[in-house]
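Here are the chains, one letter per residue:
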Amino acid sequence: MEGNKRYHFVLVHGLSHGAWCWYKTIDLLEKAGHKATAIDLAACGLHPADLTRITSFKQYNQPLIDVLASLEPSEKVILVGHSMGGVSLIDAAGRFPNKIAVAVYVSAMMLFGGFRISEYLQMLEDDAKITTEMVYGEDPENPLVGMKFIDDLVPKHLYNLCPSQDIVLSGLLRRPFPSCCLKAEIKHSVEVIESVPRVFVKLEKDNAILVSIQDAMIRKHPPAQVLSLITDHSPFFSSPKELNDLLLQIAETYNS
């Protein structure tokens, strides 16, 4: 462990995933002597919330907010978000800028105002596919409760370079995600959000958030640093060592 520094990494998953997707990253970080806290956002992973009860992004992101609120006054974390987890990072930066040494966006939604599915669709190239389908509840006044990935299309878009064992694991553990994620609003001050250093990790073989979309977000909200991995949308499965090395490099740069 370089300089005998012990860093605390807080890891935030994307849609339909949970803390479980970071299992290789947690193992590598802990073996290197660091602390890793992976979050289950509401109704994800092992979180007990009922999908039908999560009606706002604030509810969805509350588990992350609770972890940051519980930190010691002087403690700062390296906050890492994947995919839709980027919106969770933006929300966290607006609420707890002094608790975050650096926010790391791993092909993540670096959108200060939140996420709108209609805006995202406009950014997609003609040949990109949306790999989700709707999940309905029993309340006629609020029938749409969530979305889920279409299993047959998942390997091509999310895990195109991943080991088959991890694809099987994901198929067993993914859950539908709350529909409120498709219209997340973040209204914190841009100045406050930008006070937290941001690093964007581009994934050059990403079939879910295409490189063109990653570049568009980088241009719109330029981070302090852009790093790259030649891998797919899920480097925690496909390139765990390379991802770990980047995270440690970032920690040493921004948490000195």
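Our subject in this report is the structure included herewith. As the structure is a computational prediction, the values presented were derived from the model and not from experiment.

With that settled, the discussion passes to the pattern of salt bridges. Under the counting rule described, the total for this entry stands at seven salt bridges. A salt bridge links Lys-31 to Asp-27, with the shortest nitrogen-to-oxygen separation between them at 3.2 Å. Here Lys-31 and its partner Asp-27 are both found in helix H1 (residues 23–31), four residues apart, which amounts to about one turn of the helix. One salt bridge in this structure joins Asp-151 and Arg-174, with 2.8 Å as the shortest N-O distance. Of this pair, Asp-151 sits in the loop between strand S7 (144–149) and helix H5 (154–158) while Arg-174 sits in the loop between helix H6 (164–173) and strand S8 (177–178), placing them 23 residues apart in sequence. With relative accessibility at 54%, the residue Asp-151 sits in the exposed group. Residue class for Arg-174 comes out buried when judged on its relative accessible area of 16%.

This part takes up unusual backbone geometry. At Ser-16, a residue that is not glycine, the phi angle is positive and equals roughly 70°. The residue Ser-16 is located in the loop between strand S1 (8–12) and H1 in this model. Its identity as a non-glycine residue notwithstanding, Ser-83 has a phi of 60°, on the positive side. Mapped onto the elements of the fold, Ser-83 is located in the loop between strand S3 (77–82) and helix H3 (85–95).

For the rest of this paragraph, the subject is the sheet that holds strand S11 (residues 225–229). Strands in a sheet are paired, the pairing made by backbone hydrogen bonds, and the direction either parallel or antiparallel. The strand order across the open sheet built from six strands is S2-S1-S3-S4-S10-S11, with neighbouring strands paired in parallel fashion. At either margin of the open sheet sits one strand with a lone partner, and together these are strand S2 (35–39) and S11. Along the sheet, successive strands turn relative to each other by an average axial angle of 20°, direction set aside. Where strand S4 (residues 100–106) lies against strand S10 (residues 198–203), four bridges are found, and the strand directions are parallel. In the strand pairing of S10, Ala-103 is matched with Arg-198. Lying on the sheet, helix H2 (residues 57–69) is in contact with S1, S2 and S3; it crosses S2 at an angle near 150°.

So, on to the environment of Trp-22. Mapped onto the elements, Trp-22 comes out in the loop between S1 and H1. Residues Trp-22 and Phe-237 lie 215 residues apart in sequence; the distance between their C-alpha atoms is 8.0 Å.

All right, on to the packing of H2 against H3 then. Helix packing for two helices is described by the angle between their axes and how far apart those axes are. Contact pair H2 / H3: the axes reach a minimum separation of 10 Å and the direction vectors enclose 60°. Viewed along their axes, H2 and H3 adopt a mutual orientation that is oblique. Where H2 crosses over H3, the handedness of that crossing is right-handed. In this structure, H2 uses Phe-57, Lys-58, Tyr-60, Asn-61, Leu-64, Ile-65 and Leu-68 to contact H3, whose residues at the interface are Val-87, Ser-88, Asp-91, Ala-92 and Arg-95. Of the residues belonging to the contact of H2 with H3, the class tally is seven nonpolar, two polar and three charged.

The rules we used
- Residues numbered from 1 in each chain as written.
- Predicted model: local features only at pLDDT ≥ 70, side-chain atom pairs only at ≥ 80, totals over all residues.
- Heavy atoms only, no water.
- Salt bridge = Lys/Arg side-chain N within 4 Å of Asp/Glu carboxyl O.
- Helix = DSSP H or I, 4+ residues; strand = E, 2+ residues; numbered from the N terminus.
- Buried < 20%, exposed > 50% of the residue type's maximum accessible area, 1.4 Å probe, protein only.
- Pairing = 2+ DSSP bridges.
- Axes fitted to C-alpha atoms, helices over the stretch in contact; angles between N-to-C directions.
- Contact = heavy atoms within 4.5 Å.
- Parallel < 35°, antiparallel > 145°, perpendicular 65-115°, else oblique.
- Left-handed = near helix turned anticlockwise from the far one by under 90°.
- Nonpolar A, V, L, I, M, F, W, Y, C, P; charged D, E, K, R; others polar.

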